[in-house]
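As a plain string of letters, each chain reads:
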Amino acid sequence: MTTGTTGAAEAAGTTVRTATPPSMRLRELVFGAALAGSVRAAARLGVADALGEKPATAEELAAAVKADPRALRRMLRALTCYGIFTEQADGSFAHTEMSRLLREDDPHSLKYISLWCTEPWTWDAWPRLDEAVRTGRSVFDGLYGKGFFDYLHEDAHESAHVFNQAMTTSSMQSALDVAELLDLTGAATVADIGGGQGHVLASLLEKNPGLSGTLLDLPRVVANADPRLRDGGSLADRVTIVPGDCREAIPVQADVYIIKNILEWDDDSTRRTLRNVVSAARPGARVVVIENLVDDTPSMKFTTSMDLLLLLNVGGAKHTRQSMADRMADAGLVVGDVRPVNAYLHAFDSVTPGG
């Protein structure tokens, strides 16, 4: 005999779900590698790209991606437990909101972010987290005999490509959010410091037709700047591209400086970058620092994990609201508003002293 809501649900033919007990939840969590590995495999195989608007069987998908049907069904079954794809009553599979994000053509695609967070070196580094926690330092030199970025560009070219693609898609997606948030009324010039390929700068210039801009980043980075900013591009006549390392010097004067997602290095590099901005800027210049935070944010599960990955690979760290504000104040900046850009980014508005 059944009673109450459970009985009503069973009578209606619906599945009754109870809260997962802690012992089973922990079992699920320690198998997190299985989920991460399945997401990576689905992205590399192109399963989400192969699945169209209509459901498809494992056999049909396996033929499309050149995989074993039975093994693919097992992997899809695991992914559906987490809302990545869904299995229909007839055993076919269909898209969910999350599985669509693994499509390369989705405007909000996380395919390359998913690959980046599961690159081969990550599987070597994570088991040494206890060492990183004991020492407070990166484990990368011990693993590969060289620093992270040297390894990436000298020995792991495919991983370097994935990194570049992940950073590009992430920057392009957030650039519009940044442009929507920032009111640059009254500013004539803006500088994107460590701005990568300049997606944020391009979005700001497109939104503000009277604005001119400067992009500063390492020579190999700005060599591949957004086509809109390069010679012949739609914004080229309003842009100056400056190759350089913001940790060494910032030979740029502007009304507004944007520093987005680069102050995650060691404290010394962060300190030098902020002080270089203060040294270069006119009194009262506006400085906007945009970062992921590990506290008081809807994205804490993601950002705290990225924080640990930064510890492992470069010895860096994501910031709390207070730690970011403190580092900016230590550099001489007068910090004002802190506002969310989107679910995973916050903007710290500040001005240089003397304005």
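Residues numbered from 1 in each chain as written. Predicted model: local features only at pLDDT ≥ 70, side-chain atom pairs only at ≥ 80, totals over all residues. Heavy atoms only, no water.

Trainee: Hey, could you go over the packing of aromatic side chains for me, with residue numbers and the actual values?
Mentor: A complete count under the given rule lists eleven aromatic pairs for this structure. Taking the centre distance of 4.9 Å and the plane angle of 40° together, the rings of Phe140 and Tyr144 count as tilted. Here Phe140 and its partner Tyr144 are both found in helix α11 (residues 140-144), four residues apart, which amounts to about one turn of the helix. Phe140 gets classed as buried once you look at its relative accessible area, which sits at 1%. It is Arg247 that lies over the ring of Trp265; its NZ or CZ is 5.0 Å from the centre. (Phe/Tyr/Trp six-rings, centres within 6.5 Å; stacked < 30°, edge-to-face > 60°. Helix = DSSP H or I, 4+ residues; strand = E, 2+ residues; numbered from the N terminus. Buried < 20%, exposed > 50% of the residue type's maximum accessible area, 1.4 Å probe, protein only. Lys NZ or Arg CZ within 6 Å of the ring centre and 35° of its normal.)

Trainee: I'd like a rundown of the pattern of salt bridges, residues and numbers included.
Mentor: Proximity of charged atoms lets side chains of opposite charge pair with each other. Inspection of every chain in the model, using the stated rule, returns 22 salt bridges. For Arg25, the salt bridge identified is with Glu28, shortest N-O distance 3.1 Å. Taken together, the residues span about one helical turn, with Arg25 and Glu28 both in helix α2 (residues 22-30) at a distance of three residues. We classify Arg25 as partly exposed; its relative accessible area is 37%. (Salt bridge = Lys/Arg side-chain N within 4 Å of Asp/Glu carboxyl O.)

Trainee: Tell me about the environment of Ala156, residues and numbers included.
Mentor: Relative to the elements of secondary structure, Ala156 occurs in the loop between α12 (148-155) and α13 (157-181). Separated by 35 residues in the primary sequence, Ala156 and Trp121 have C-alpha atoms spaced 9.1 Å apart.

Trainee: Describe the pairing of strand β3 (residues 189-193), and please don't skip the residues or the numbers.
Mentor: Here β3 lies mainly inside the structure; four of its five residues are buried. Sheet analysis places β3 next to strand β4 (residues 212-217), joined by five bridges and oriented parallel. If you follow Val190 over to β4, its bridge partner there is Gly213. For the handedness criterion, the β-α-β arrangement of β3, helix α14 (residues 199-207) and β4 is classed as right-handed. With four bridges connecting them, β3 and strand β6 (residues 256-260) associate as parallel partners. Bridge pairing in β6 links Asp192 to Ile258. (Pairing = 2+ DSSP bridges. Right-handed = clockwise from strand over helix to strand, strands pointing away.)

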